[in-house]
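Survey of secondary and tertiary structure
Now for the letters of each chain:
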Amino acid sequence: MAHGVSTMTQKPLYFEAHVISTRRLDKVLCAPESENPFSGFLAFSMTCRHWNYHLVLYQATIATYGARKLQRHAPSSGNLTPRGNLPVKKIALPLIVLLLLTMEAALAHGPTRKKVIIKEQIQASPEKVWEIVKNFHDMSWHPAVRQTEGEGGNAPGARRTITLNSGGKIHEKLEKYDDQKHSFFYRIEKVDVKVLPVTNYSSWFKVEPASDGGSIVTWKGAFYRGYPNNDPPPELNDEAAVKAVTGVYKSGLENLKKIAEQGS
Amino acid sequence: MPACRYQAASLWRGSIILAFLLLLSGEAVFSSTPSPLVFVTNQGDDTVSVIDLHRHQETKTISVGSKPAGIAVTRRGDAIFITSPESREIHRIDGTTLKVTHARQLGKGPLGIAVTPNGRQVYVADWYEDLVYVLDTSDLSILDRIPVGDSPSGLEISPDGSRLYVAERDDNRVSVVDTATHRTLARIQVGRRPFGLRAEPGGKRLYVANVASSDLSVIDLEEGQVIATIPVGSTPYGVAVTPDKRHVFVTNQHDNTVSVIDTQYLKEVRRLEVGEFPEGIMVGPQGDRLFVINWFDNEMVVLDLETLQITSRYPTGESPRSFGIFIAGGS
């Protein structure tokens, strides 16, 4: 830069606004899915990609235009204050405002964590039912599942990929497993919202004895909807998420009941 | 000084009657025990449950803003403040009438909330704006805005009221703010994604739950640094401390447990099964009971601290959280 003066000492307004806006939006849209205990706010990988695309474009624009302008308006020696004719008001600010306006929806509050609990009473002993479901890598008892592949057996840390009849895939990780208590706890690590419209999903599965000698199977999930920002499209809102998970649990448990009660 | 004998006589009469009345009213006036009410923010049905421990039941349900989560009860229990991050609101509930007296819009995502020991000011962390608002408790007017780090979550005020501690979740840091000047005095790196935090009575130590690293940072506030990082269960949320400072309890959301930490040896000594997705946690004002809010079960469980057994359960509203101080005088 001319006169050996670094532009960084000037810190023009639009750079700061740019940093603040991108940092905030980045946090909303790109926080890792696995780390979000905060109920209301969540990032979503698809939106993050879109945001990153816009961000790159925006940054390139600012960088190119800003750099050229600064070169032409480099301060004379001794004068470190930003010149009035830097294009803050005319170009950068409107750009920022425009971006923030379009992203205002993204800044809005995120979704609340949802839960689904489905129980099924089965006329078969808990041992028999557990025998059918206990293998983390065998989901053949679920009518929507075409195949399951994975590694790690039934130890915490094991991973599986479920391929649905529709072709969609769900990637899951086993977190806890108790052979004695007939229960396990697992998480979805990755799933396309078109396959299952949820994020940050974790689930408990448990087989318990019923008073009549049969079993009660409980399948529970905690998750957020597929779309983290305000005004979600109907297929990615809270209701859609709850409906989809409820459907998975109900169809699975009904089929499990049929299989377990068939005798043998 | 009474100007004449008549005034002196009536002064005596008055004070005798007053003393008699005080004796009659007994415990309610003499005792410094705060009211035995527990407040639960039910994020799933937009209400606050009031559970009366003496009557062993929920006595009232108060409607508040959308998806309430954070809570701060004054030390004397005379007021309760609620944050509703979804509708961006703060509500003030009177501790006697149990009615909402004030409500206001605030920020873009208010969650963490803490009230000063003297009950005059309430601090609210805004997750999106990276600010802590300072509000007057009498009318919820904004007194100041304190810029803090990234995604401020849990807030805690030192027992003497002089310091505000802010868990800056996405900076993996806790900031120490002077409550008189609102200036940040120190920034202390902790584990990954600090969320809930609690100061021990006397204020020498601060315990911080780190959600992503599943551990508890122990900060010596005099030294101004972390003296221990103790692994706990999966995705810890809230922290409680006994009045004698000897034990710390942490709710482990995905583990369905509470970690019991010995503060002398600085390690986990027990892990208690409490219910599903435990979040809010407090030690009661008498120091004899532990209160745990289970988000999944829609239940509060009470544990006896002598035996560490669950002694009672109370149903709450839908998806309860109680992030903050939810019992007057508790810790």
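For the structure, check the block above.
On a predicted model such as this, the values are computed, not experimentally measured, just so you know.

1. A word on the sheet that holds strand 23 (residues 267–273) of chain B
All names here are of chain B. Across the sheet, 4 strands lie side by side as 20-21-22-23; this open sheet has antiparallel pairing. Both outer strands of the open sheet, strand 20 (236–241) and strand 23, are each paired with one neighbouring strand and no more. Here the strands of the sheet are splayed against their neighbours by 25 degrees on average, with no regard to which way each runs. The pairing of strand 20 with strand 21 (residues 247–252) spans 4 bridges and is classified as antiparallel. Across the sheet, the residue bridging to Val241 is Val248, located in strand 21.

2. Section: the packing of helix 4 (residues 126–133) of chain A against helix 5 (residues 238–261) of chain A
Residues and elements named next belong to chain A. For the pair helix 4 and helix 5, interaxial distance at closest approach is 10 Å and the crossing angle is 120 degrees. By the criterion of interaxial angle, the relationship of helix 4 to helix 5 is oblique. With respect to the hand of their crossing, helix 4 and helix 5 are arranged in right-handed fashion. Within the contact between the two elements, helix 4 uses Lys128, Val129, Ile132 and Val133 and helix 5 uses Leu256, Ile259 and Ala260. When the residues that make up the contact of helix 4 with helix 5 are grouped by side-chain class, the tally is 6 nonpolar, no polar and 1 charged.

3. Observations regarding the pattern of salt bridges
With the rule as written, the count across this model stands at 26 salt bridges over all chains. Across the pair Arg187(A) and Glu175(A) runs a salt bridge whose closest N-O atoms are separated by 2.9 Å. On the criterion of sequence distance, the pair formed by Arg187(A) in strand 5 (residues 183–191) and Glu175(A) in strand 4 (residues 169–178) is long-range, its members being 12 residues apart. Glu175(A) sits in the partly exposed class, given a relative accessible area of 21%. Beyond isolated ion pairs, a larger network of salt bridges with shared partners links Lys176(A), Asp255(B), Glu268(B) and Arg271(B).

4. A short note on helix 5 of chain A
Helix length check: helix 5 of chain A (24 residues) gives 34 Å between terminal C-alpha atoms against 34 Å at 1.5 Å per residue, within 8%. Within helix 5 of chain A, burial applies to Asp238(A), Ala240(A), Ala241(A), Val245(A), Thr246(A), Tyr249(A), Gly252(A), Leu253(A), Asn255(A), Leu256(A) and Ala260(A).

Conventions used here
- Residues numbered from 1 in each chain as written.
- Chains lettered and ligands numbered in written order.
- Predicted model: local features only at pLDDT ≥ 70, side-chain atom pairs only at ≥ 80, totals over all residues.
- Heavy atoms only, no water.
- Pairing = 2+ DSSP bridges.
- Helix = DSSP H or I, 4+ residues; strand = E, 2+ residues; numbered from the N terminus.
- Axes fitted to C-alpha atoms, helices over the stretch in contact; angles between N-to-C directions.
- Parallel < 35°, antiparallel > 145°, perpendicular 65-115°, else oblique.
- Left-handed = near helix turned anticlockwise from the far one by under 90°.
- Contact = heavy atoms within 4.5 Å.
- Nonpolar A, V, L, I, M, F, W, Y, C, P; charged D, E, K, R; others polar.
- Salt bridge = Lys/Arg side-chain N within 4 Å of Asp/Glu carboxyl O.
- Buried < 20%, exposed > 50% of the residue type's maximum accessible area, 1.4 Å probe, protein only.
- Expected span 1.5 Å × (residues − 1).

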